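Working through the structure, step by step
The primary structure of each chain is shown beneath.
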Amino acid sequence: MAKPAVRVYKKNHQVLPSIVVAQAIIESNWGQSQLYQQADNPFGMKGNYNGNTKLFPTTEYVNGKAEKINAYFRVYPSLEAAILDHDAVVSRQFLPSGTTNYRTAAKLLQTNGYATDPSYAKKIDQRDWYV
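The sections below set out a description of the structure shown in this document. (Residues numbered from 1 in each chain as written. Predicted model: local features only at pLDDT ≥ 70, side-chain atom pairs only at ≥ 80, totals over all residues. Heavy atoms only, no water.)

What the chain contains, in helices and strands, is six helices and two strands. Element order for the chain, N to C, with α for helix and β for strand: α-α-α-β-β-α-α-α. In summary, the chain has a C-alpha radius of gyration of 14 Å against a globular reference of 14 Å for 131 residues, a match within 12%. On the principal axes, the C-alpha backbone points of the chain span a range of 35 × 35 × 25 Å. Per-residue burial over the chain gives 40% buried out of 131 residues. Restricting the contact set of the chain to residue pairs at least 6 apart, pairs at least 24 apart contribute 52%. Accessible area for the chain stands at about 7400 Å²; split by element, carbon and sulfur atoms hold 49% of it. Side-chain charges in the chain split into 15 positive and 10 negative, and the spacing between the mean points of these groups amounts to 3 Å. (Helix = DSSP H or I, 4+ residues; strand = E, 2+ residues; numbered from the N terminus. Rg over C-alpha atoms; globule rule 2.2 N^0.38 Å. Buried < 20%, exposed > 50% of the residue type's maximum accessible area, 1.4 Å probe, protein only. Contact = heavy atoms within 4.5 Å. Areas by Shrake-Rupley, 256 points an atom, 1.4 Å probe, with all protein chains shown as cover. Lys, Arg positive; Asp, Glu negative; His and termini not counted. Charge placed at Lys NZ, Arg CZ, Asp CG, Glu CD.)

The structure is reproduced here in structure tokens:
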């Protein structure tokens, strides 16, 4: 995950590789999720990618309460395609251009609605992931 995240960042300077890696760890449960294993989607990106989508179970937080639902998620042809798409969406919708501090980025992802988990920013901001 780290090498393609760094490669993509060097190309587009959109989302810090540390944030990309941390989100992939959280969203894919260290690469163990069905979504990652079956759809090359380590970020929990909903919707479709070039028309490719698949239904998976997920947990969403509504008013602070966890609820299990089924949702359609993007199916990617490769990990690099997933990272490129993730970075484009995140930089367009959730992080201002030029965000280069991972703690600021983690807080903005939470504040701007990337995830419904009320502890998402805290989970992203785990210092030992960035060493």
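There's plenty left to go through after this.
Time to look at the environment of Q23. Secondary-structure assignment places Q23 in helix α2 (residues 17-28). Classification of Q23 by relative accessible area gives buried; the value is 0%. Each C-alpha atom, one on Q23 and one on A106, is 9.3 Å from the other, the two residues being 83 residues apart in sequence. Look past the residues within four positions of Q23 in its chain and what remains in contact with it is S28, P42, F43, H86, L109, Y114, Y120 and I124.

Let us look at the packing of aromatic side chains. Taken as a whole, this structure holds four aromatic pairs when the rule is applied. Aromatic side chains F94 and Y114 sit 5.4 Å apart centroid to centroid with 80° between the ring planes, which places their arrangement in the edge-to-face category. Of this pair, F94 sits in the loop between α4 (79-93) and α5 (102-111) while Y114 sits in the loop between α5 and α6 (120-124), and the two are 20 residues apart along the sequence. Relative accessible area serves as the criterion here: at 14%, Y114 is assigned to the buried category. Within the aromatic cluster, the residues linked to one another by ring pairs are F94, Y114 and Y120. (Phe/Tyr/Trp six-rings, centres within 6.5 Å; stacked < 30°, edge-to-face > 60°.)

All right, on to α5 then. Along an α-helix, a turn takes 3.6 residues, which lines up residues three or four apart on a common side. Every buried residue of α5 is accounted for by A105, A106 and L109. One face of α5 carries all of its buried residues, which in axial projection span an arc of 100°. Turned more than 90 degrees away from the buried face of α5, the exposed residues are K107 and T111. On its buried face, α5 is in contact with α2, α4 and α6. Of the residues flanking the start of α5, the one acting as N-cap is N101, its side-chain oxygen 2.9 Å from the backbone nitrogen of R103. G113 occupies a position one or two residues after α5 and carries a positive phi of about 85°. (Arc of directions from axis to C-beta. Polar contact = N/O pair within 3.5 Å; in protein donor to acceptor, adjacent residues only side chain to side chain.)

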